[in-house]
Amino acid sequence: MTNKINRRRFLQATAVAATGSLGSVSLSASSTAPVMKTNLFSSPAPIPAAKGPRVVIVGGGWSGLTLAKYLKKNNPAFDVVLLDKNEQFVSCPMSNVWMADQVNLEFLTHSYLDAANNNDYLYLNATALELDRVSKTLVTTLGSIAYDYLVLAPGIDYDYKRIGVESPEDEYALRMHHPAGFSSASEMIAIKHKLQNFKGGTLALTVPSGNYRCMAAPYERACMAAAIFKKRNIRAKVLLIDMNPGIRIKATGFRKAFSEYYSDIIQYESSADIKSVNLQDREIITDFDSYGFDDALIYPPIRAASIIQQFGLNDESSLQQEAKTDPFKYHLLDDEYVYVTGDSRSQPFSKSGNTANSEARYVAEVISAHAAGKEIEWRSPQTMCFSGVKVDPLESMSIIAFYKYDQQQQAFAFDRSHVIEKWSTKAGQAGLAWAEGMYKDMFYS
Ligand SMILES: Cc1cc2nc3c(=O)[nH]c(=O)nc-3n(C[C@H](O)[C@H](O)[C@H](O)COP(=O)(O)OP(=O)(O)OC[C@H]3O[C@@H](n4cnc5c(N)ncnc54)[C@H](O)[C@@H]3O)c2cc1C
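Draft legend 1. Representation of the sheet that holds strand E22 (residues 395–406) in the model. Read across the open sheet, the three strands follow the order E21-E22-E23; overall the sheet is antiparallel. The sheet terminates laterally at strand E21 (383–390) and strand E23 (411–424), the two strands that pair on one side only. In this sheet, adjacent strand axes meet at a mean angle of 20° when their direction is disregarded. The pairing of E22 with E23 spans nine bridges and is classified as antiparallel. The residue bridging Ser396 from the neighbouring strand is Ser424, located in E23. The sheet strands contacting helix H11 (residues 251–260) are E21, E22 and E23, and the helix crosses E23 at an angle near 30°.

Here's what the structure looks like:
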């Protein structure tokens, strides 16, 4: 069945290429179609011609970087192209402790050129715009790229509508003035400036519902914000407004940290279903209460990065607009040549860098096996996460977890896990060593 589909696609693609009418396949041929789009579609991106089966990866985050390296390692014949809209990589993991000056920005920042040169693949600083699966062509801001395999690892986007923010003006105001800080480096830098310059009063932080990026990070950020205010000796309150019934992970540890170190600073409110944010009166309105603030970092629920939907791959019934993929092999249900990985995945695994890294090593094997007409056995990703609690020196807690597939429930569930909720300087150092090891894995050979 699958072979038939693939053969049909191949024939369609060949026919399209032969008639030279690539642009008419997915783009309207009408004279009103934007000229730029058509040009980009018909002009190839400025990269060398493919020297083997081309695997294009959209997104140079934890998932995409790992995939690029291990695809090439597993099958040196692959011609791998990694695409990212950013010029350099800035790590989200360890960004909270960076805000509290426990590491510098250089620790978080890495070069795509190093990653590509050290691991023998191509890097293109461009944004993916359109996808034509019939001709197997990805259109980018620098032109089009034909692929044999495509991996989409574009991360997440925020979904402000799920906290009642409907108008583009309000959403824009939130993004600009009250950034979530769970996606881009600019947000994280703006938040560090806010924390270092806060004059006092109430700083509200929100924790989203759903499977959001990095379960522990909002609670860790509350600890780091409180530690900064303590160090700066200002009269400030961190108001942590959680849309969940309770702390989602390392709950005992975080509760203890809040009461032992930051009882005069952190106020924790749970089961707060955020209905709207009133920016004029600086209020977060929930189903039962409203909370005033002097400044706020609003982290709304998230969804798979919006290109999944723009490319028409999202499952309409999925709250977080994830793609319809095979839960074990990661390819689209109707296309064995297009994969979705990392925080955009449809599986309910924890959205963490370690999960993305270990999963990408597996998916690289899946794709290599597919190209060789083989299959490999499913193996669980590994989630690992360190959370800073105290600073100078850094003291952290940690968790490591695996997943299993429950045949009866037809769903994934946690398998074995190991949580250390007693924070220590040893775990603080282990967290930094873990991050260094991950950067080494993604950027060096
Ligand atoms: C504060 C914080 C703390 C965290 N702490 C931990 C931790 O301790 N441990 C842990 O394991 N994880 C942690 N995480 C989570 C981790 O950062 C994410 O799970 C991880 O980044 C997911 O990797 P990804 O590759 O799926 O997405 P990303 O790393 O976000 O990468 C996606 C990439 O796709 C690119 N992109 C998107 N759309 C396009 C497009 N159209 N064209 C071109 N490029 C595109 C983006 O520029 C981005 O570089 C933390 C996250 C945060 C925010």
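After that view of the structure, there is still more to cover.
Draft legend 2. Quick peek at the pairing of strand E8 (residues 143–146). With four bridges joining them, strand E7 (residues 137–140) and E8 adopt antiparallel strand pairing. When the sheet's bridge partners are listed, Thr140 is paired in E8 with Gly143. From the end of E7 to the start of E8, which pair antiparallel, there are two residues.

Draft legend 3. Just the pattern of salt bridges, in detail. Under the counting rule described, the total for this entry stands at 18 salt bridges. Lys231 serves as the salt-bridge partner of Asp392, at 2.9 Å between the closest nitrogen and oxygen. Note that Asp392 is positioned in the loop between E21 and E22 and Lys231 in helix H10 (residues 217–232), a separation of 161 residues in sequence. Its salt-bridge partner being Glu365, residue Arg379 comes within 3.0 Å of it at the nearest N-O pair. Residue Arg379 is found in the loop between helix H13 (353–371) and E21, and its partner Glu365 is found in helix H13; the two are separated by 14 residues along the sequence. Classification of Arg379 by relative accessible area gives partly exposed; the value is 35%. By relative accessible area, Glu365 is classed as partly exposed at 29%. Residues joined in a network through salt bridges with shared partners are Lys69, Arg361 and Asp441.

Draft legend 4. Layout of the side chain of Ser91. Relative to the assigned elements, Ser91 resides in the loop between strand E3 (88–90) and helix H5 (95–99). Note on Ser91: relative accessible area 0%, which makes it buried. One polar contact links the side chain of Ser91 to the main-chain carbonyl oxygen of Pro93, over a distance of 2.8 Å. Residue contacts for Ser91: discarding those within four places in its chain leaves Trp62, Leu108, Met188 and Tyr439.

Draft legend 5. Representation of the side chain of Asp335 within the structure. With respect to the element layout, Asp335 can be found in strand E20 (residues 335–340). Separated by 3.1 Å, the side chains of Asp335 and Arg133 make a polar contact. A polar atom in the side chain of Asp335 sits 2.9 Å from the backbone nitrogen of Tyr337.

Draft legend 6. Expanded view of helix H7 (residues 112–119). Along H7, the positions that sit buried rather than exposed are Tyr112, Ala115, Ala116 and Asn119. The buried residues of H7 occupy an angular sector of 90° when projected down its axis, which confines them to one face. Residues Leu113 and Asn117 are exposed on H7 and point more than 90 degrees away from its buried face. Turning to H7, the residues buried within the fold contact helix H4 (62–74), strand E2 (79–84), E3, strand E4 (109–111), strand E5 (122–125) and helix H14 (425–443). Positive phi appears at Asp120, one or two residues downstream of H7, with a value of about 65°.

Draft legend 7. Main features of the site of the ligand. Close to the ligand lie 38 residues, the nearest being Asp84, Arg213, Asp343, Gly353 and Asn354. A distance of 2.8 Å is found between a nitrogen atom of the ligand and a backbone nitrogen or oxygen belonging to Gly353. Out of a free accessible area of 990 Å², the ligand has 94% covered by protein chains. Taken together, the residues that form the shell around the ligand break down as 18 nonpolar, 14 polar and six charged.

Draft legend 8. Spotlight on the environment of Ile249. Here Ile249 lies in the loop between strand E12 (236–242) and H11. Overall, the relative accessible area of 18% leaves Ile249 in the buried class. Separated by 57 residues in sequence, Ile249 and Ser306 have C-alpha atoms that sit 27 Å apart. Ignoring any residue separated from it by four or fewer positions in sequence, one finds Ile249 in contact with Met215, Ala216, Phe254 and Ile399.

Draft legend 9. Up close: the sheet that holds strand E6 (residues 128–132). The strand order across the open sheet formed by three strands is E6-E7-E8, and the pairing between neighbours is antiparallel. Two strands in the sheet have a free side with no partner beyond their single neighbour: E6 and E8. Shown here is a sheet whose adjacent strand axes are inclined to one another by a mean of 25°, direction ignored.

Draft legend 10. A look at the state of the cysteines. In this structure the tally under the stated criterion is zero disulfides. You can see Cys223 has no disulfide; the closest cysteine sulfur is in Cys385, sitting 12 Å from it. As a non-bridged cysteine, Cys385 has Cys214 as the owner of its nearest cysteine sulfur, 4.1 Å distant.

Draft legend 11. Geometry of the packing of aromatic side chains. Within the structure shown, the criterion is met by 29 aromatic pairs. Aromatic side chains Phe349 and Tyr403 sit 4.7 Å apart centroid to centroid with 45° between the ring planes, which places their arrangement in the tilted category. Of this pair, Phe349 sits in the loop between E20 and H13 while Tyr403 sits in strand E22; the two residues are 54 residues apart in sequence, bridging distant segments of the chain. With relative accessibility at 0%, the residue Phe349 sits in the buried group. Through a chain of ring-to-ring contacts, the aromatic side chains of Trp62, Phe89, Phe107, Phe386, Trp434, Tyr439 and Phe443 assemble into a single cluster. If you follow Lys136 out to its NZ or CZ, it ends over the ring of Tyr337, 3.7 Å from the centre. Against the face of Phe402 rests Arg416, its NZ or CZ located 3.9 Å from the ring centre.

The rules behind these values
Residues numbered from 1 in each chain as written. Predicted model: local features only at pLDDT ≥ 70, side-chain atom pairs only at ≥ 80, totals over all residues. Heavy atoms only, no water. Pairing = 2+ DSSP bridges. Helix = DSSP H or I, 4+ residues; strand = E, 2+ residues; numbered from the N terminus. Axes fitted to C-alpha atoms, helices over the stretch in contact; angles between N-to-C directions. Contact = heavy atoms within 4.5 Å. Salt bridge = Lys/Arg side-chain N within 4 Å of Asp/Glu carboxyl O. Buried < 20%, exposed > 50% of the residue type's maximum accessible area, 1.4 Å probe, protein only. Polar contact = N/O pair within 3.5 Å; in protein donor to acceptor, adjacent residues only side chain to side chain. Arc of directions from axis to C-beta. Near = heavy atom within 4 Å. Areas by Shrake-Rupley, 256 points an atom, 1.4 Å probe, with all protein chains shown as cover. Nonpolar A, V, L, I, M, F, W, Y, C, P; charged D, E, K, R; others polar. Disulfide = S-S within 2.5 Å. Phe/Tyr/Trp six-rings, centres within 6.5 Å; stacked < 30°, edge-to-face > 60°. Lys NZ or Arg CZ within 6 Å of the ring centre and 35° of its normal.

The quantities given are spatial measurements derived from coordinates; they are silent on function.
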